[in-house]
Amino acid sequence: MSLLQISDPTIKSDDLKKFVVGIDLGTTNSLIASHDPNLRIYQDQASNLIPSVVAINSNDDILVGNHACFQTDPDTTTIASIKRIIGLSYEDINKLEHKESFSVVKAQNDLPCISINDKEYSAIDISSKILSHLKQLAESTENKILDGAVITVPAYFNDIQRQATKNAAKIAGINVLRLLNEPTAAALAYGLESNETGSFIIYDFGGGTFDVSVLNLDKGIFKVLSTDGNTRLGGDDIDNAISVWLTNTYSFMQHYSFTEIKQYAKSIKESIGDQESISFNIKENSITLTQNQFQDIINPILNETFEIMKNSITASGLSSKEIKNIILVGGSTRINCIKNLLEQKFSCSVLNNIDPEIVVAHGAAIQASLLSGNNKDNILLLDVLPLSLGIETYGGLAEKVILRNTPIPIKLRKTFTTFKDGQSKLLINVIQGERELVDDCNSLGSFVLTDIPPMVAGGPRIDVDFQIDADGILSVSATETTTGNTSTIEVKPSYGLSESDITQMINDSNKSAETDMNLRRLNESIVEGKRVVYALEQALDNDGKDLLSNEEYRSIIDKLDVLKSRISGDDSVSIEEGIKDVEKQSEFYVERRMNSSIKSLIAGKGIDDIL
Amino acid sequence: MDILKQNFFQLFNIEISVDINKSDLDEKLKILQSNFHPDKFSSGSDFEKRLALQISSYINDGYKILGDIVLRVEYILKINGFNKDESKTINDIDFLQEQIEYNELIESLKDNLDNSIIEDNLSGVKLKLKNTINNIKLAYQDHEFEDMWQNLSKLRFYIKNINELINMRNK
């Protein structure tokens, strides 16, 4: 309970501290880090970067990270870059270029899966294996159980991709505190380290995705003004472009597999630096690539990133003069010419003095520490919706309901009616994207409104609320207003896992450690109970007498006493019930505190007086 | 919940007016979100989280509406209880004539992009926009809501024109 957050947040007791981490789940590499109050990166075989690679052998044994990369068993299937296909439909995956590494089949729920030894693995399964490996790494290093994590996603991820990432974490047994946009995470780490204020751009060019965000930083508030990107544009594409060049230029390359050629391409990219040219031998054949040729190969890709960046600046409403710095993030920004090209095109100073590969995980770790209450600094991230949200209207046209770059969370209400007498159902297709035709956007799912009372056409008024939370994830609810009936909504995801699938998978993965789970649950409930007691007592001390009658005060204290006595016992169920009772009993008090705080907040004060 | 019953001007403690001080609005947004954003309640009870999500969404909605001249004028009409039947047409012959002429101009510019013509028209439309905003302000002072509503259509039209012309210039 964070009642005290409104007043003075000062939990001193060390046992209330939580073990929380930030996870950068990348296309090529992943990182896991904590910030308490110093950055600690959990290493795998002495390396910060953990390859986002999963290997499954003929016994269905699973290896993740470096172990997966360096295994040599010929009967093992290795899966890399799974992030490229997470949240994508079967059709989308088939449209991808260079999809050689994924042999994808359609499984139930239309969910695309990779088939290995007659077992099917979805992108969510594979991602959850990576996440669970990261979790084990952090837990074994600290010898503590993880309480929660902030997981970063490309800013330009759509709702389905975000949901899929969150589900992968749930299946890995991770309590997701928040999904955080990668450039926003980088901005947080950069802003706090540098103490800079003003407006800046994060140019985040990773292994598989490109994101750009324009942000303003002022007095600890990071406000995203606009964001744009491409979730299918990254270092992978550069490797592919060089691979194509190698194949076209050197005929002997035909004798090599795509994976081998890509390895050569990758090493060219990583070693050319600012050298005039690079030469090396593959067996008896020699290969030479000049800096100019290299830039010609990658220019189409870089130009695409610059176009996206221009659009994002326009959308932010700022002129390029108002932008202080461009900050480079992501492994692909190690390519030397990017910095020079950005400086030429945007006449801004370009900063590459932060480690572009760890800054996202660093920011995520800070955010985790803030959200858990371990870190009490007055810092806030205000993010935006990356892609417009709309509904399908007559003729397959998309009608936008919430425009992109709208600050989140946000709720919007749309009113619908029937077009036939006695109509009892209404189908609404929710879509995400900028294009005008529904077919060019992503369908997030169809919502069927049922139980509409029989009336003449146009009679019923159905209010549908589209709520986007701070993670950028949508939920929908509907009410029929003429009768006051709440219509039920059936959410049918276009493809992906249903709520019950996820619960089943979480149960499956937890089955093995049931006694551990019980002990863990007891510990968690005791810590949570202590937090609730502490927070509420602080709040009551502060303003309980002012906002509550004696009777009301007493009623809360009574429930609190019950909870206190239960905390010293060992029954997690009764403690959890005690917490619920206290929270239920103090709901009106919470509401009164919020209402009273707003009055004192806004009355003629500047932000300097408040913070 | 009292907070959600306040209108957006009350929420941001800004006097109801057609003009708005953008930096004041930004500042108020930060104060409000610093206290009600869901991130400030992430270890709170489900009830607190739900309230914070509602309030924070309401604040963002208010910020969007107060920060946009068209939405703001529509909102002022709404909180003054003025509901206009949208199907009613505007019978301002001069304005209709203006719309026809403008559409002809855009058609001719599509065939022949002439930057000096675009610039001339852009400054012309900007002036009209300014006058329209002034008229709306005057109408609001006298609580002439019908008049405000008539001018609102012009406001939308001129803003659309300006965006269109700027897009053409940038091509």
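Just so we're clear, the structure is a prediction, and the values are computed from it rather than from any experiment.

A look at the overall build of chain B
Okay, step 1: Scanning chain B from N- to C-terminus turns up 8 helices and 0 strands.
Okay, step 2: Mapped from its N terminus to its C terminus, chain B presents α and β elements in the order α-α-α-α-α-α-α-α.
Okay, step 3: Referenced to the eigenvectors of the C-alpha coordinate spread, the extents of chain B come out at roughly 60 × 40 × 30 Å.
Okay, step 4: Counting the 171 residues in chain B, one finds 30% classified as buried.
Okay, step 5: Relative to all contacts within chain B whose residues are 6 or more apart in sequence, the contacts with residues 24 or more apart total 65%.

Regarding the packing of helix 5 (residues 182-194) of chain A against helix 10 (residues 359-372) of chain A
Residue and element names in this part refer to chain A.
Okay, step 1: Between helix 5 and helix 10, the least distance of the axes is 7 Å, while the angle of their chain directions is 80°. By the criterion of interaxial angle, the relationship of helix 5 to helix 10 is roughly perpendicular. In this structure, helix 5 uses Glu182, Ala185, Ala186, Leu188, Ala189, Tyr190 and Leu192 to contact helix 10, whose residues at the interface are Val359, Val360, His362, Gly363, Ala364, Ile366 and Gln367.
Okay, step 2: Considered class by class, the residues forming the contact of helix 5 with helix 10 number 10 nonpolar, 3 polar and 1 charged.

Focus on the interface of chain B and chain A
Okay, step 1: The interface is formed by 31 residues belonging to chain B together with 38 residues belonging to chain A.
Okay, step 2: Looking at the side of chain B that touches chain A, the elements with two or more residues in it are helix 1 (2-5), helix 3 (22-36) and helix 4 (46-66) of chain B.
Okay, step 3: For the side of chain B that touches chain A, the leading source of residues is helix 4 of chain B, giving 11 residues.
Okay, step 4: A breakdown of the residues in the side of chain B that touches chain A according to their chemical character gives 10 nonpolar, 12 polar and 9 charged.

Regarding the environment of Asp24 of chain A
Residue and element names in this part refer to chain A.
Okay, step 1: Tracing the chain through its elements places Asp24 in strand 1 (residues 20-25).
Okay, step 2: By C-beta crowding, Asp24 is classed as buried, having 31 other C-beta atoms within 10 Å.
Okay, step 3: Spatially, the C-alpha atoms of Asp24 and Val359 are 9.3 Å apart, while their sequence positions differ by 335 residues.
Okay, step 4: Apart from the residues within four sequence positions on either side, Asp24 is in contact with Ser30, Leu31, Thr152, Val360, Ala361 and Ala364.

Considerations on the domain arrangement of chain B
Okay, step 1: One can read the domain layout of chain B as domain 1 (2-67) and domain 2 (93-169).
Okay, step 2: For domain 1 of chain B and domain 2 of chain B, the distance between their C-alpha centroids amounts to 32 Å.

Quick word on unusual backbone geometry
All names here are of chain A.
Okay, step 1: At the junction of Asp36 and Pro37, the peptide bond is cis and its omega measures out at -10° in the coordinates.
Okay, step 2: Here the amide bond leading from Ile408 into Pro409 is cis, since omega sits at 0°, within 30 degrees of zero.
Okay, step 3: Relative to the elements of secondary structure, Pro409 occurs in the loop between strand 22 (397-402) and strand 23 (410-416).
Okay, step 4: Even without being a glycine, Asn143 presents a positive backbone phi close to 55°.

Brief notes about the environment of Pro407 of chain A
Okay, step 1: Relative to the elements of secondary structure, Pro407 of chain A occurs in the loop between strand 22 and strand 23.
Okay, step 2: Judged by the 22 C-beta atoms lying within 10 Å of it, Pro407 of chain A falls in the buried class.
Okay, step 3: Spatially, the C-alpha atoms of Pro407 of chain A and Pro386 of chain A are 9.5 Å apart, while their sequence positions differ by 21 residues.
Okay, step 4: Those residues in contact with Pro407 of chain A that sit more than four places away from it in its chain are Leu382 and Val384 of chain A together with Asn60 and Tyr63 of chain B.

Topic: helix 6 (residues 235-249) of chain A
Okay, step 1: With 15 residues, helix 6 of chain A extends 21 Å from end C-alpha to end C-alpha; this agrees with the ideal 21 Å at 1.5 Å per step.
Okay, step 2: Along helix 6 of chain A, the positions that sit buried rather than exposed are Gly235, Asp236, Asp237, Ile238, Asp239, Ile242, Ser243 and Leu246 of chain A.

Brief notes about the domain arrangement of chain A
Okay, step 1: For chain A, the domain assignment lists domain 1 (15-183 + 361-370), domain 2 (389-495) and domain 3 (512-602).
Okay, step 2: Centre-to-centre separation of domain 1 of chain A and domain 3 of chain A, based on C-alpha positions: 35 Å.

A closer look at helix 7 (residues 258-272) of chain A
Residue and element names in this part refer to chain A.
Okay, step 1: Between the first and last C-alpha of helix 7 there are 21 Å, a value that for 15 residues agrees with the 21 Å anticipated at 1.5 Å per step.
Okay, step 2: Ile261, Lys262, Ala265, Ile268, Lys269 and Ile272 are the residues of helix 7 that are buried. One side of helix 7 holds all its buried residues, which, seen down the axis, span an arc of 115°. When the buried face of helix 7 is taken as reference, the exposed residues oriented beyond 90 degrees from it are Thr259 and Ser271.
Okay, step 3: Elements in contact with the buried residues of helix 7: helix 6, strand 16 (277-282), strand 17 (285-290) and helix 8 (291-316).
Okay, step 4: After helix 7 finishes, the residue Gly273 shows a positive phi value of roughly 55°.

What counts as what
- Residues numbered from 1 in each chain as written.
- Chains lettered and ligands numbered in written order.
- Predicted model: local features only at pLDDT ≥ 70, side-chain atom pairs only at ≥ 80, totals over all residues.
- Helix = DSSP H or I, 4+ residues; strand = E, 2+ residues; numbered from the N terminus.
- Buried ≥ 20, exposed ≤ 12 C-beta atoms within 10 Å, placed from the backbone.
- Contact = placed C-beta atoms within 7 Å.
- Axes fitted to C-alpha atoms, helices over the stretch in contact; angles between N-to-C directions.
- Parallel < 35°, antiparallel > 145°, perpendicular 65-115°, else oblique.
- Nonpolar A, V, L, I, M, F, W, Y, C, P; charged D, E, K, R; others polar.
- Domains from an automatic or database assignment.
- Expected span 1.5 Å × (residues − 1).
- Arc of directions from axis to C-beta.

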